[in-house]
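# Remarks on the overall topology
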Amino acid sequence: MFQQPYKGWRGKFFRVCCTEHDRTALDGFLLYWVKKLKLIKPKTLDELPSTDREVCLILASVGILNTAELIAREYDSATLTQYLSMGTTPH
């Protein structure tokens, strides 16, 4: 089936990997095709741990973000804070 490279895949797929920082980051993230999806009920803000709740509130106050820019600053708190303080990005 995949004897030839799939052309144009970059616009349709993305790579997912786990890092040393959080080996549980992919828990619940399907990395393969399944016939029947297991639905995971989303949590309300009140059900989240306080640190996760704080992050959600910060992200909600910022608005639309460029995820590539956000991920690039993930482990650099100074540039991450600066990026988040810039406000929303255009659509």
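For clarity, every value in this text was computed on a predicted model and none was experimentally measured.

Moving on, we come to the overall build of the chain. Looking only at helices and strands, one finds 3 helices and 0 strands in the chain. Here the chain, with 91 residues, has 8% of them falling under the buried criterion. For the chain, restricting intrachain contacts to residue pairs at least 6 apart in sequence, the fraction spanning at least 24 positions comes to 24%. Carbon and sulfur atoms make up 59% of the accessible area of the chain, which amounts to about 8900 Å² in all.

This part is about helix H1 (residues 50–62). Here H1 is 13 residues long and its end C-alpha atoms lie 19 Å apart, about the 18 Å a rise of 1.5 Å per residue gives. Downstream of H1 by a residue or two, Gly63 has a phi angle that is positive, lying close to 100°.

Attention shifts here to the nonpolar core. Formed by Val62, Leu65, Leu80, Tyr83 and Leu84, the largest nonpolar core amounts to 5 residues. If one sorts the elements of this core by residue count, helix H3 (residues 77–85) sits on top with 3 residues.

Turning our attention to the environment of Leu45. Here Leu45 shows up in the segment before H1. Judged by its relative accessible area of 36%, Leu45 falls in the partly exposed class.

What follows deals with H3. Buried residues of H3: Leu80, Tyr83 and Leu84, and no others. Projected onto a plane normal to the axis of H3, the buried residues spread over an arc of 95° and lie on a single side. Looking at H3, the residues exposed on the side facing more than 90 degrees away from the buried face are Ala78, Thr81, Gln82 and Ser85.

Here we come to the pattern of salt bridges. Counting across every chain of the model gives 1 salt bridge. Here Arg73 and Glu69 are joined by a salt bridge, their closest N and O atoms 2.4 Å apart. Relative accessible area serves as the criterion here: at 23%, Arg73 is assigned to the partly exposed category.

Cut-offs applied
- Residues numbered from 1 in each chain as written.
- Predicted model: local features only at pLDDT ≥ 70, side-chain atom pairs only at ≥ 80, totals over all residues.
- Heavy atoms only, no water.
- Helix = DSSP H or I, 4+ residues; strand = E, 2+ residues; numbered from the N terminus.
- Buried < 20%, exposed > 50% of the residue type's maximum accessible area, 1.4 Å probe, protein only.
- Contact = heavy atoms within 4.5 Å.
- Areas by Shrake-Rupley, 256 points an atom, 1.4 Å probe, with all protein chains shown as cover.
- Expected span 1.5 Å × (residues − 1).
- Core = buried A, V, L, I, M, F, W, Y, C linked by side-chain atoms within 4.5 Å.
- Arc of directions from axis to C-beta.
- Salt bridge = Lys/Arg side-chain N within 4 Å of Asp/Glu carboxyl O.

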